[in-house]
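Analysis of the macromolecular model
If you want the building blocks of each chain, they are given just below.
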Amino acid sequence: MKQGKQIYEGKAKKVYRTDDPRFLIVSYKDDATAFNGLKKGTIVGKGVINNKMSNLLMQRLEKAGIPTHFVLELSDRETLVKKVSIVPLEVIIRNIAAGSFSKRYGVEEGQKFDVPTIEFSYKNDDLGDPLLNKAHAIAMKLATEEEIATIEKYAFAVNEELKKFWAECGVTLVDFKLEFGRLADGTIVLADEISPDTCRLWDMKTGEKLDKDRFRRDLGGVEDAYSEVMKRLLQHI
């Protein structure tokens, strides 16, 4: 399948057309951003790790009955995906208080929840991706009630699968962000990526952060953390 014209470039990826209108090619970059693009930098090798990790985890989720946009890994940085129309909602699942949740509600980072929480934010960089609820999303016609129910069902199912898998790797899944898209027939599928860019991952024994928080908080060792997570994943996938 031939790569065509670039149609999009985001903070972490580029997207290209192919000679088949049903499919696109996603290319992962090493660029890193935080705080809605206010902080910028580079994490060497990040694109390769995020591409491979996303693809392996999405294939695992497919086997668990969660449909995704994944089709085929083309190279270290490039993957063939189904063309989707992204639902403009970022879906955040939290198992443990951390990051913006702790700041917003004054909850100590590291506090475990009895049940996972779910949040939605409006995917809009100009507005800073503000939080919204289901009623807002439906009123703004971002998604239908049925689509939101499907997205919630899949998001919690993803959480159960990933929590179990990362525990096998000696890693605690603290929280993560998902995005979903609509296929041409309206079917909702998991899209975007699953990586240390989009997940908070802590070492189960030491609590060491193995994710993008090392970049956000200037903790150092960012590349080593991404590599360590990838190494553990490959040992257990």
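What counts and what doesn't
Along each chain, residues carry numbers from 1 onward, in the same order as the chain's sequence is written. Whole-chain, interface and lining totals are the exception, using all residues; otherwise, since this is a predicted model, local features are given only for residues with pLDDT of at least 70 and side-chain atom pairs are given and counted only at 80 or more. Calculation of side-chain values draws on the structure's entire complement of heavy atoms; hydrogens and water are dropped beforehand. To get an axis, a line is fitted to the C-alpha atoms, and for a helix only the part in contact is used. The angle between two axes follows their N-to-C directions and goes from 0 to 180 degrees. Counting from the N terminus, the helices are DSSP H or I runs at least four residues long and the strands are E runs at least two residues long. Orientation labels follow simple angle bins: below 35 degrees gives roughly parallel, above 145 gives roughly antiparallel, 65 to 115 gives roughly perpendicular, and whatever is left gives oblique. By definition, any crossing whose near helix is turned counterclockwise from its far helix by less than a right angle is left-handed, and any crossing with a clockwise turn is right-handed. Only heavy atoms enter the contact rule, under which two residues are in contact if any of them lie within 4.5 Å. Under the grouping applied here, Gly and all other residues not named as nonpolar or charged are polar, the nonpolar ones being Ala, Val, Leu, Ile, Met, Phe, Trp, Tyr, Cys and Pro and the charged ones Asp, Glu, Lys and Arg. Each residue is placed in one exposure class: buried if its accessible area under a 1.4 Å probe, protein chains only, is under 20% of its type's maximum, exposed if it is over 50%, and partly exposed if it falls in between.

With respect to the packing of helix α1 (residues 46-63) against helix α4 (residues 145-168)
It is at 11 Å that the axes of α1 and α4 come closest, and there the two elements cross at 120°. Put simply, α1 runs oblique to α4. At the point where α1 passes α4, the crossing takes the right-handed sense. Residues M53, L57, R60 and L61 of α1 touch α4, and the partners they reach there are V158, E161, L162, F165, W166 and E168. Here the residues of the contact of α1 with α4 are counted per class, giving seven nonpolar, no polar and three charged.

Observations concerning unusual backbone geometry
The phi torsion at D129 lies on the positive side, around 50°, for a residue other than glycine. Mapped onto the secondary structure, D129 falls in the loop between β10 (112-122) and β11 (131-132). Exposure remark for D129: the relative accessible area of 14% places this residue in the buried category. Of note, K141 is a non-glycine position whose phi angle comes to about 60°, a positive value.

Concerning the side chain of T33
Mapping T33 onto the fold places it in strand β4 (residues 31-34). Once residues within four sequence positions are removed from consideration, T33 is found in contact with K11, K39, K40, K212 and F215.

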